[in-house]
Amino acid sequence: MMAMTDEYGRAEGPVRFSSADLFGISGSTRRITSPLRSASTCSTPTPAESIAYMGSATISGAIYNLTPPRESPNQLFGLFFRRSFLIAAKPNRRNERAKKVRSTLCAILPPFCFAMGAQRTIHVVGVHAAGEVGDVIVGGVLDVPGKTMFDKMRYFWENADEIRQLLLNEPRGRPSKNVNLILPPCDPRADAGFIIMESEEYPPMSGSNTICTTTVLLETGMVKMQEPTTTLKLDTAAGLVCVTAECEAGKCKTVAFDNVPAFVFQLDLEVEVPGLGKILCDIVWGGMIYAILDVSQIGLTINSADGERLVQYGEMIKRAVQETIHPVHPENSGINGVTNLVLTEPLQNESSGKTARNATVVSPGRLDRSPCGTGTCARMAQLHARKQLATGESFRHVSPIGTEFIGTIRGTTKVGDYDAIFPTVKGSAWITSFQQVILDPSDPFPNGFRVGDSWRVS
């Protein structure tokens, strides 16, 4: 067996540790045997499998024995990083022991778990909600100063934006991708906090990213899953968001989030768009500030064949709207200006409720693959203001690729002088990968790059 040493290099005996030492959970005792200096060639497992392997396995010349864990590989993966974060924040004798356990693991786990020589290493869980990628950072980024999540969002934007650029720009990212960073909450009522990073901005709130983050928190065990229903609260830059997840057999089947109140700034705003003429749009807050208009005004329909022109015209309209109006959230002046645009088709009455298709044009010029969660909240606020959607009615919002979110209005309220609704949106997300993103010190693109064939660059 491998012996652990103290800070003076003295042997402390064979390594024997429980899953509580490593992950902060109950479980059977694990025993690690010494590395073998053999020339055997072995396949490389996934990160989760590296932690959760049952029995003996030879990996990169090292043998380690794990008795069968009760937790799933996803849960062990998440709890490993959660426990690491807690140990960094709250040192004590037990945590010092766990640090030594992890030091031993560093010596024997596969090379992909610890990128040697990397200037930066970030651990990410790949995930999408209704087609929209919203990967979640679970390790490698420390907390930052701030009394609120909005303060922390601003700190990253102004002082640490290289993380967003590294992950979302090429060669590691692409236009149709978002990243979420899990942080300790500022609001004591919350179970976790998170910050959303998109290609051009840090939005205060995003529905698809909330669904992605909740799915990762629960399926990796960072927040304990309760079946059949788990409720939790998330601290966002827009405020506290309550989430209800339907869970079965370790899987987060659906996520419904009670968003911050949504309201209309202005209906029927007339905007002159160069090359298109006059259009009418509604300016609405749903977690982000949107311009909403009927797609028939620009002579298009919502389908993939019109995708390029939907983006082209949408960006033209958005710029014209930004030059015409600059709305400011009445409770947070730091939230201001129209950033996204929702193109809609007429509301349809179906047996299951009301339905509409939409295409949300997001910067730097692409279509949201999902129906857009905060866009769905804004659309419901708009429909309610026009007396087309009542409290308690079901609203099915369909994306350009045919995926859907289900929305309802729980009630009404006031935000400043504006009449507002309490929106709830439900959708699903799926974990796609466990990633270790690294930055080599010799990499010529530490902040990535953008090329005009895929990105709308000036």
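To be clear, the structure that these remarks concern was listed above.
What comes next is a walk through the structure. Here the structure is a predicted model, which means the values were calculated and not measured.

1. A short note on the side chain of arginine 164
Relative to the helices and strands, arginine 164 is located in helix α6 (residues 162-168). Reaching out from arginine 164, the side chain makes a polar contact with the backbone oxygen of glutamate 198 at a distance of 3.1 Å. Residues within four places of arginine 164 in sequence aside, it is in contact with Asn169, Met197, Glu198, Ser199, Glu200, Glu201, Tyr202 and Arg450.

2. Here's the deal with the environment of threonine 413
Mapping threonine 413 onto the fold places it in strand β22 (residues 404-415). For threonine 413, a relative accessible area of 25% corresponds to the partly exposed category. Taking the C-alpha atoms as reference, threonine 413 lies 9.3 Å from alanine 262; in sequence the two are 151 residues apart. When neighbours within four sequence positions are excluded, threonine 413 is seen to be in contact with Pro261, Tyr418, Asp419, Ala420 and Phe422.

3. Here we look at the environment of threonine 355
Mapping threonine 355 onto the fold places it in strand β19 (residues 353-362). With relative accessibility at 6%, the residue threonine 355 sits in the buried group. Once the C-alpha coordinates of threonine 355 and glycine 407 are considered, the two residues, 52 residues apart in sequence, prove to be 10.0 Å apart. Beyond its immediate sequence surroundings of up to four residues, threonine 355 is in contact with Pro346, Leu347, Gln348, Glu350, Phe395, Arg396 and Val398. A distance of 3.0 Å separates the side chain of threonine 355 from the side chain of glutamate 350, its partner in a polar contact.

4. Description of the side chain of glutamate 198
When you line up the elements, glutamate 198 lands in the loop between β10 (192-197) and α7 (207-219). With residues up to four places along the chain from it excluded, the contact list for glutamate 198 reads Arg164, Leu168, Asn178, Pro203, Ser206, Asn209 and Met288.

5. Quick look at α7
The terminal C-alpha atoms of α7, which comprises 13 residues, lie 18 Å apart, in line with the 18 Å expected from a rise of 1.5 Å per residue. Summarising burial for α7: 13 of the 13 residues are buried, a large majority. Following α7 by one or two positions, glycine 221 adopts a phi angle in the positive range, close to 85 degrees.

6. Regarding the packing of aromatic side chains
Throughout the structure, instances matching the rule amount to five aromatic pairs. Relative to phenylalanine 265, the ring of phenylalanine 263 lies with its centre 5.0 Å away and its plane at 65 degrees, an arrangement referred to as edge-to-face. With relative accessibility at 0%, the residue phenylalanine 263 sits in the buried group. Measuring from centroid to centroid gives 5.2 Å for phenylalanine 265 and tyrosine 418, while their planes differ by 75 degrees, and the two rings are edge-to-face. In this pair, phenylalanine 265 is assigned in strand β14 (residues 262-273) and tyrosine 418 in strand β23 (residues 418-427), connecting sequence segments 153 residues apart. Residue tyrosine 418 is classed as partly exposed on the basis of its relative accessible area, which comes to 26%.

7. Comments concerning unusual backbone geometry
Following glutamate 227, the chain continues to proline 228 via a peptide bond in cis, the omega torsion being 10 degrees. For the peptide bond that leads from serine 363 to proline 364, omega is 10 degrees, which places it in the cis range. Considering the arrangement of structural elements, one finds proline 364 in the loop between β19 and β20 (366-367). Here alanine 130, not a glycine, exhibits a phi torsion of approximately 55 degrees, which is positive. Mapped onto the fold, alanine 130 is located in the loop between β7 (120-129) and β8 (132-139). The class of alanine 130 is buried, set by a relative accessible area of 6%. One non-glycine residue, lysine 387, lies in the positive phi region at around 60 degrees. Summarising the element assignment, lysine 387 is placed in the loop between α9 (373-385) and β21 (394-398).

The rules behind the values
- The numbers attached to residues start from 1 for each chain and follow its sequence in the written order.
- Predicted model: local features are reported for residues with pLDDT of at least 70 only, side-chain atom pairs are reported and counted for 80 or more only, and whole-chain, interface and lining totals are derived from all residues.
- Working from all heavy atoms in the structure, the side-chain values ignore hydrogens and water.
- Secondary structure is summarised from DSSP: a helix means a run of H or I of at least four residues, a strand means a run of E of at least two, and numbering begins at the N terminus for each.
- A 3.5 Å cut-off defines polar contacts: any pair of N or O atoms within that distance qualifies, except that in protein one atom must be a possible hydrogen donor and the other a possible acceptor, and neighbouring residues in sequence count only when both atoms are side-chain atoms.
- We call two residues in contact when some of their heavy atoms are within 4.5 Å.
- Burial status follows relative accessibility: with a 1.4 Å probe on protein chains alone, a residue under 20% of its type maximum counts as buried, one over 50% as exposed, and anything between as partly exposed.
- By this rule the span expected of a helix is its residue count minus one, scaled by 1.5 Å.
- Between the rings of Phe, Tyr and Trp (Trp by its six-membered ring), a pair exists once the centres lie within 6.5 Å; its type follows the angle of the planes, with under 30 degrees stacked, over 60 edge-to-face, and the other angles tilted.

Just geometry here; none of it tells us what the structure is for.
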